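One letter stands for each residue in the lines below.
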Amino acid sequence: MQTSNPLPNTASQTMQTVAIEVTNEHRAEVQRRAYSLPVTIGRGGTCDIQLDPDNRAISRVHVEIVEEGGRTILYNRASNANATRVERRGLQPGERVELHPGYSIGVFDYTLKLLEPARIGIAVADRHDLTVSKEFHLVPGSAIIAYESPGGLVVEAAASLSEVKTEGLGGNLTVLFYYDGDEPTFAILANPAQEQVLLDRGLIRQNALYLRPFDTIEFGTTRIEVLNVGQASIVCDNPGCRVVNAVDAGSHCRLCGTPLNIGGPTLRQRRI
Ligand SMILES: [Zn+2]
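Residues numbered from 1 in each chain as written. Predicted model: local features only at pLDDT ≥ 70, side-chain atom pairs only at ≥ 80, totals over all residues. Heavy atoms only, no water.

1. Some thoughts on the overall build of the protein chain
Right, on to step 1. Scanning the protein chain from terminus to terminus reveals 0 helices and 25 strands.
Right, on to step 2. Its C-alpha atoms put the protein chain at 60 × 50 × 30 Å along the principal axes.
Right, on to step 3. Buried residues in the protein chain amount to 47% of all 272 residues.
Right, on to step 4. Residue pairs at least 24 apart in sequence account for 42% of intrachain contacts in the protein chain once pairs closer than 6 positions are excluded.
Right, on to step 5. With the model as given, the accessible surface of the protein chain reaches about 13,400 Å², and the carbon-plus-sulfur share is 46%.
Right, on to step 6. Averaging the positions of the 26 positive and the 31 negative side-chain charges in the protein chain gives two centres separated by 2 Å. (Helix = DSSP H or I, 4+ residues; strand = E, 2+ residues; numbered from the N terminus. Buried < 20%, exposed > 50% of the residue type's maximum accessible area, 1.4 Å probe, protein only. Contact = heavy atoms within 4.5 Å. Areas by Shrake-Rupley, 256 points an atom, 1.4 Å probe, with all protein chains shown as cover. Lys, Arg positive; Asp, Glu negative; His and termini not counted. Charge placed at Lys NZ, Arg CZ, Asp CG, Glu CD.)

2. A look at the pairing of strand S6 (residues 71-76)
Right, on to step 1. Pairing between strand S5 (residues 63-68) and S6: 6 bridges, direction antiparallel. When the bridges of S6 are listed, Glu67 appears paired with Thr72.
Right, on to step 2. Hairpin connection of S5 to S6: 2 residues between the antiparallel strands, including Gly69 at a positive phi of 60 degrees.
Right, on to step 3. One ladder, built from 4 bridges, connects S6 with strand S9 (residues 96-99); its direction is antiparallel. The residue of S9 that forms the bridge with Leu74 is Val97. (Pairing = 2+ DSSP bridges.)

3. Here we look at the sheet that holds strand S10 (residues 104-107)
Right, on to step 1. In spatial order, the strands read S2-S1-S11-S10-S7-S8; together these 6 strands make up an open sheet with antiparallel pairing. Edge positions in the sheet fall to strand S2 (29-36) and strand S8 (89-90), since each has one partner strand and no second.
Right, on to step 2. Across 2 bridges, the pairing between strand S7 (residues 85-86) and S10 is antiparallel. Following the sheet pairing, Val86 is matched in S10 by Ile105.

This is the structure we're talking about:
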């Protein structure tokens, strides 16, 4: 299947991502996000995770997390001994340590914890031509809000459910994806014009439901596909269906039974 894949980014199937929770003990800040490796952490503005830019004891690039042979490796780039801690043990400059979910990394008053990797992501696409414009990982604890605006759909990721700001959105269709506790969930926060919101072509009548991989949600000109991180997907060719399917779950659409055109243009090797 992979050898006949016409799309160029087959390597993305093995691309490793990590979810990191950053806590600052003095500022009572917590943020959680998913990152594709490599991830740079330091006080420099070009770092993926920027720590306090005014703290000169933190190096511009203090720590790098890289993928090596399927393993997640922390490379300590701090120039002073014990300026980085992994599981409370101070590291030497240049030291490399393999990381596992649950490990914590200490840099001054910051604690960075490796979370269980995100298993679910959402892809935001155009409902008519199926072009994907944005992709997000749904990290446990995090939330993604999407609302219609005159300029198009706005999608914002929040580090936690409590950070989602809903003031001023009452006039627009607003939906929320969140992962709080065990189950990833979809909720319709506001729908003043009573627009149709569809799940797998069926009207959603409740305000919240649990998400499952390959759910296909549509409203207005927007289509949102729920995906398993790292798993290829394919869109059903039946023009009256077009839900997204797992490539390896079978050769026919899970909803309408149309044969899936594996190797055709709607096969998606996502970067998600
Ligand atoms: Zn179908």
